[in-house]
Amino acid sequence: MDDRKFIEESEKHLLHVYNRFPVVFDHGEGMYLYDVCGKAYLDFAAGIGVSAFGYGDSEYEEALCTQVKKLMHVSNLYYHTGLSEAAEAVCRVSGMDKVFFTNSGAEAIEGALKTAKKYGYVRDGHAGHEIIAMNHSFHGRTVGALSVTGNEHYREPFAPLMGGVRFADFNDLSSVESQINDKTIAIILEPVQGEGGITPATEEFLSGIEILCEENGLLLIFDEIQCGMGRTGNMFVWQEYNIRPDILTTAKALGGGVPVGAFAITDKVARASMVPGDHGTTYGGNPFVLAGVKASIDIMEKRHIPEHVRELAPYLEQTLDGFVRDFEFVEGRRGMGFMQGLILSEKIPVGDVVSRALDYGLIVLSAGGNVLRLLPPLIAEKRDIDAMREILEDVLRSFAGVNTH
Ligand SMILES: *Cc1c(COP(=O)(O)O)cnc(C)c1O
C-alpha cells in the first residue's frame, strides 16, 4: 500500500492527539523496523522503551502464540494457570511482596496513588492526605497520573485535577523537605526522569528522600515504568542504590510489547491498605498479557539482559560523548545504561533532529528540555551502536556548526 494513502485514511478517523511522523511501519526484525515501502530503520526507541528484545524474538513470540491458542482471557474473579508464576516472577525481580497487574503505566500510577491514600486512611482514621511529586516528572495521562505530573502544559486544560499534590524540585532535598506537612503520606518520583529529559536522581538525593520518608512516616513510591526492567543495567533502579521503595510501578518493557503494567508493594503496605472491593480491573493481568510478562522475565534472566546492558553501557556512553566533543550544539549527555539523553542547544530544535534521523533511517526520541532521547532495545550489540553512530553523525553534521577533527 502507498504510504501517503495509508496516512490520509488513518487521519480521517483517528482523534488527532498525535502529530505522527509520516512513516507507516509494517514489520520488524531484530533491531530494525521496516516501513510499507521496505525501507529499514534502526530502532533506538524500542516503542518508547517497550520492545526490550527488539522484533521477532522466537522464544517471546512462541510463548504468546501458545497462550493465544490456550486461553486469552478470564476475569479476575477467577484464578488462571499463568497467574501465580507471573506474580511470583514480578515480585522476585522487583524485590517487592505483592503485585497488582494493570493495562498500562498510567493505571499502575493510579493504583499506587490509591494504595498510598488508603494506607494513610487506615493508619490515621481519616482521608485528606497529601502527596509530594516532582517538577518535570511524567506519570501518565489519566487524571490521577496527571495530578502528579510536573508539567503545566499537560495539566492546565484539565484542571481541577486530583487535589492534595505538592510539587518539589527533583534532586533538591530541601525543596522536598519544605513541602512536607502533617498531611503528607507519600513521595512519588522516577529514579531516572524519562519524559522530563533523562535525568537520573543523584544517590544523595535518593538516600536523603529515604531518610525523610522514615522520619516522617511517608511512603516512597518509585515510578520505574520507563527506567525499570533492565534498562539501566539493573532489573530495577532501586537495586542500584539499595533504596527500596514501599510502592513500585512498572509497565513499558514489563510485557515486552503486550499492554501490561503493575504496581507492586511491600508486605508492610499490603497489610494496612487495599482490601477486597478497593480496586479492580477487567483485563488487568489476563492470561494473554501474563504470558508476555512471564516470557519477558524468563528471557531477561536466562540471557542475562541487565548484565548485557551494564557491560555495553560504557560503549554507548563513549559513543554519545563523542558527539558532545564533536558538535558544539550537543551540550552534554545524561543517563544510565540504555536510557540516554543528548542535551541539545536551543538553536537546534530536537524535533527537527528526530525527524531527520527518521529520514536517514534511525529512530530516536525527544524528551523535555531539548533532549535527544535514546532507548534502544536491550539486545543492542556493539555493531548496532556503531550503526547508530554512523547515521546520527550524518544527521548531526547536516545541522551545520560542525567542528570535527
Ligand atoms: C510512559 C510512562 C508512564 C505512563 O505509561 P502509559 O502506559 O503510557 O500509561 C508513566 N510513568 C513513566 C515514568 C513513563 O515513562
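No experiment lies behind these values; they were computed from the predicted model shown.

In this structure, what is going on with the nonpolar core? I would like to understand it.
Among soluble globular proteins, nonpolar side chains are generally buried collectively. In terms of nonpolar packing, the biggest core is built from 100 residues, with Phe-44 and Met-388 touching the most fellow members. Here this core takes nine residues from helix 12 (residues 287-302), the largest share from any one element. Formed by 22 residues, the second largest nonpolar core is a distinct cluster that contains Ile-131, Ile-185, Ile-221 and Ala-251.

Help me understand the site of the ligand, please; the structure alone is not making it clear to me.
Lining the immediate surroundings of the ligand are Ser-104, Gly-105, Ala-106, Phe-138, His-139, Gly-140, Glu-190, Asp-223, Ile-225, Gln-226 and Lys-252. Within the side chain of Gln-226, a nitrogen or oxygen atom sits 2.8 Å from an oxygen atom of the ligand. Contact between the ligand and Lys-252: an oxygen atom at 2.7 Å from a side-chain N or O atom of the residue. Calculation on the ligand without its partners gives an accessible area of 380 Å², and the protein chains cover 80% of this total. Of the residues contributing to the shell around the ligand, the split by class is three nonpolar, five polar and three charged.

Honestly, the sheet that holds strand 17 (residues 371-374) in this entry has me stumped. Any pointers?
Strand-to-strand pairing in sheets goes through backbone hydrogen bonds, with the strands running parallel or antiparallel. The strand order across the open sheet built from four strands is 13-14-17-16, with neighbouring strands paired in antiparallel fashion. Two strands lie at the open edges of the sheet, namely strand 13 (330-336) and strand 16 (365-367), each paired on one side alone. Neighbour-to-neighbour, the strand axes of this sheet turn through a mean angle of 30°, independent of strand direction. Two strands pair when backbone bridges link them, and strand 14 (residues 339-344) and strand 17 are joined in this way by four bridges, in the antiparallel orientation. Bridge pairing links Ile-343 to Val-371 in strand 17. Along the sheet, helix 13 (residues 305-326) makes contact with strand 13, strand 14 and strand 17, crossing strand 13 at roughly 165°.

In this structure, what is going on with a nonpolar patch on the surface? I would like to understand it.
Together, Leu-15, Val-17 and Tyr-18 make up an exposed nonpolar region whose accessible area comes to about 390 Å². Structurally, Val-17 is set in the loop between helix 1 (3-13) and strand 1 (25-29).

So what exactly am I meant to see when it comes to the packing of aromatic side chains here?
Following the criterion strictly, the structure yields seven aromatic pairs and no others. Where Phe-100 meets Phe-263, the ring centres are 5.3 Å apart and the plane angle is 25°; that geometry is what we call stacked. Separated by 163 residues along the polypeptide, Phe-100 in strand 4 (residues 98-102) and Phe-263 in strand 12 (residues 261-265) bring together distant segments of the chain. Overall, Phe-100 belongs to the partly exposed group, its relative accessible area being 21%. An aromatic cluster is defined as three or more aromatic residues linked by ring pairs; in this entry it consists of Phe-323, Phe-327 and Phe-329. Against the face of Tyr-154 rests Arg-141, its NZ or CZ located 4.1 Å from the ring centre.

I'm lost on the packing of helix 4 (residues 83-94) against helix 12 in this one. Help?
Angle between the axes and distance between the axes are the two parameters that describe a pair of packed helices. Where helix 4 meets helix 12, the closest approach of the two axes is 9 Å, and the angle between their N-to-C directions is 45°. By the angle between their directions, the pair helix 4 and helix 12 is classed as oblique. Our pair here, helix 4 against helix 12, has a crossing hand that is left-handed. On helix 12, the residues that touch Leu-83, Glu-85, Ala-86, Ala-89, Val-90, Arg-92 and Val-93 of helix 4 are Leu-290, Val-293, Lys-294, Ile-297 and Glu-301. Considered class by class, the residues forming the contact of helix 4 with helix 12 number eight nonpolar, no polar and four charged.

Before we go on, may I ask you to explain unusual backbone geometry in this structure?
Omega for the peptide link from Ala-159 to Pro-160 comes to 0°, which places this bond in the cis form. For Ala-46, which is not glycine, the phi dihedral falls at a positive 55°. Of the residues examined, Ala-46 reaches a relative accessible area of 0% and is grouped as buried. Even without being glycine, Asn-171 reaches a positive phi, approximately 65°. Take Asn-171: its relative accessible area is 28%, and that puts it in the partly exposed class.

Would you mind going over helix 4 with me for this structure?
Each turn of an α-helix holds 3.6 residues, which means side chains three or four residues apart point in the same direction. With twelve residues, helix 4 extends 17 Å from end C-alpha to end C-alpha; this agrees with the ideal 16 Å at 1.5 Å per step. Residues of helix 4 that are buried in the fold lie against strand 4, helix 10 (238-241), strand 11 (247-250), strand 12 and helix 12. Gly-95 sits one or two positions beyond helix 4 and adopts a positive phi of about 70°.

What is the right way to read the environment of Glu-393 from this model?
In this structure, Glu-393 sits in helix 15 (residues 382-397). On a C-alpha basis, the gap between Glu-393 and Tyr-119 in space is 51 Å, while along the polypeptide they are 274 residues apart. When sequence neighbours within four positions are dropped, the list of residues in contact with Glu-393 reads Phe-323 and Phe-327.

What's the story with the packing of helix 3 (residues 58-70) against helix 12 in this structure? I'm lost.
Their axes nearest at 9 Å, the elements helix 3 and helix 12 cross at an angle of 155°. By the angle between their directions, the pair helix 3 and helix 12 is classed as roughly antiparallel. Viewed along their axes, helix 3 and helix 12 form a crossing whose handedness is right-handed. Between helix 3, through Glu-59, Tyr-60, Ala-63, Leu-64, Gln-67 and Val-68, and helix 12, the contact on the second element is made entirely by Pro-287, Phe-288, Ala-291, Gly-292, Ala-295, Ser-296, Ile-299 and Lys-302.

Rules of the game
Residues numbered from 1 in each chain as written. Predicted model: local features only at pLDDT ≥ 70, side-chain atom pairs only at ≥ 80, totals over all residues. Heavy atoms only, no water. Core = buried A, V, L, I, M, F, W, Y, C linked by side-chain atoms within 4.5 Å. Buried < 20%, exposed > 50% of the residue type's maximum accessible area, 1.4 Å probe, protein only. Helix = DSSP H or I, 4+ residues; strand = E, 2+ residues; numbered from the N terminus. Near = heavy atom within 4 Å. Polar contact = N/O pair within 3.5 Å; in protein donor to acceptor, adjacent residues only side chain to side chain. Areas by Shrake-Rupley, 256 points an atom, 1.4 Å probe, with all protein chains shown as cover. Nonpolar A, V, L, I, M, F, W, Y, C, P; charged D, E, K, R; others polar. Pairing = 2+ DSSP bridges. Axes fitted to C-alpha atoms, helices over the stretch in contact; angles between N-to-C directions. Contact = heavy atoms within 4.5 Å. Patch = residues over 30% accessible without salt bridge, like charges linked within 9 Å, V, L, I, M, F, W, Y side chains within 5 Å. Salt bridge = Lys/Arg side-chain N within 4 Å of Asp/Glu carboxyl O. Phe/Tyr/Trp six-rings, centres within 6.5 Å; stacked < 30°, edge-to-face > 60°. Lys NZ or Arg CZ within 6 Å of the ring centre and 35° of its normal. Parallel < 35°, antiparallel > 145°, perpendicular 65-115°, else oblique. Left-handed = near helix turned anticlockwise from the far one by under 90°. Expected span 1.5 Å × (residues − 1).

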